[in-house]
Amino acid sequence: MSAHVNNQPYTVEQMQLALTVIAEHAITLNDVLMSLQEQFGKQQDLCAHLGAVKCMVEVIGGIADDATGGDVAGDMRHWVYGPLFAGKGG
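It should be emphasised that the depicted structure is a prediction, and the values quoted were computed from it without experimental measurement.

Trainee: I'm lost on the nonpolar core in this one. Help?
Mentor: What tends to happen in soluble globular proteins is that the nonpolar side chains get buried as a cluster. Among the nonpolar cores identified, the biggest contains eight residues, and these are Leu19, Ala23, Ala26, Leu33, Leu50, Val57, Ala64 and Trp79. Mapped by element, the contributors of at least two residues to this core are helix H1 (12-39) and helix H2 (44-67). For this core, the leading source of residues is H1, giving four residues.

Here it is as structure tokens:
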């Protein structure tokens, strides 16, 4: 049986770094999933599963990125609607 280790809470700087790493990994995973969707576009079941996972990755990455001020890719709108969304506003 393993002993439970009680880690100390992160400092603000540590939390920002951790969330930034999560967001950066989410960007990479999102890109991989998008590439797989393009590659296997004719296989509808696979594309549907990839699309569902891609949506989850976008939310995870967007939340982590937004919590650190959007330093990785931008705010939640950027993650969900894409980089051109902000420019379409009035």
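Read on for the rest.
Trainee: Can you walk me through the side chain of Asn30 in this structure?
Mentor: Along the chain, Asn30 turns up in helix H1. Under the relative-accessibility criterion, Asn30 is labelled buried at 10%. Excluding its chain neighbours within four sequence positions, the residues that come into contact with Asn30 are Lys54, Val57 and Glu58.

Trainee: So what exactly am I meant to see when it comes to the packing of aromatic side chains here?
Mentor: How two aromatic rings sit relative to each other is given by the distance of their centres and the angle of their planes. Evaluated as defined, the whole model comprises one aromatic pair. Aromatic pair Tyr81 and Phe85: ring centres 4.4 Å apart, planes at 25 degrees, arrangement stacked.

Trainee: Would you mind showing me how to read the state of the cysteines here?
Mentor: By definition, a disulfide links the sulfur atoms of two cysteine residues through a covalent bond. This model, assessed by the stated rule, comprises zero disulfides. You can see Cys55 has no disulfide; the closest cysteine sulfur is in Cys47, sitting 13 Å from it.

Trainee: What is the right way to look at a nonpolar patch on the surface in this model?
Mentor: Judged by side-chain polarity, Ile22, Val53, Met56 and Ile60 come together as a nonpolar surface patch covering roughly 350 Å² of accessible area. Here the nonpolar patch gets three residues from one element, more than from any other, and that element is H2. Mapped onto the fold, Ile22 is located in helix H1.

The rules behind these values
Residues numbered from 1 in each chain as written. Predicted model: local features only at pLDDT ≥ 70, side-chain atom pairs only at ≥ 80, totals over all residues. Heavy atoms only, no water. Core = buried A, V, L, I, M, F, W, Y, C linked by side-chain atoms within 4.5 Å. Buried < 20%, exposed > 50% of the residue type's maximum accessible area, 1.4 Å probe, protein only. Helix = DSSP H or I, 4+ residues; strand = E, 2+ residues; numbered from the N terminus. Contact = heavy atoms within 4.5 Å. Phe/Tyr/Trp six-rings, centres within 6.5 Å; stacked < 30°, edge-to-face > 60°. Disulfide = S-S within 2.5 Å. Patch = residues over 30% accessible without salt bridge, like charges linked within 9 Å, V, L, I, M, F, W, Y side chains within 5 Å. Areas by Shrake-Rupley, 256 points an atom, 1.4 Å probe, with all protein chains shown as cover. Salt bridge = Lys/Arg side-chain N within 4 Å of Asp/Glu carboxyl O.

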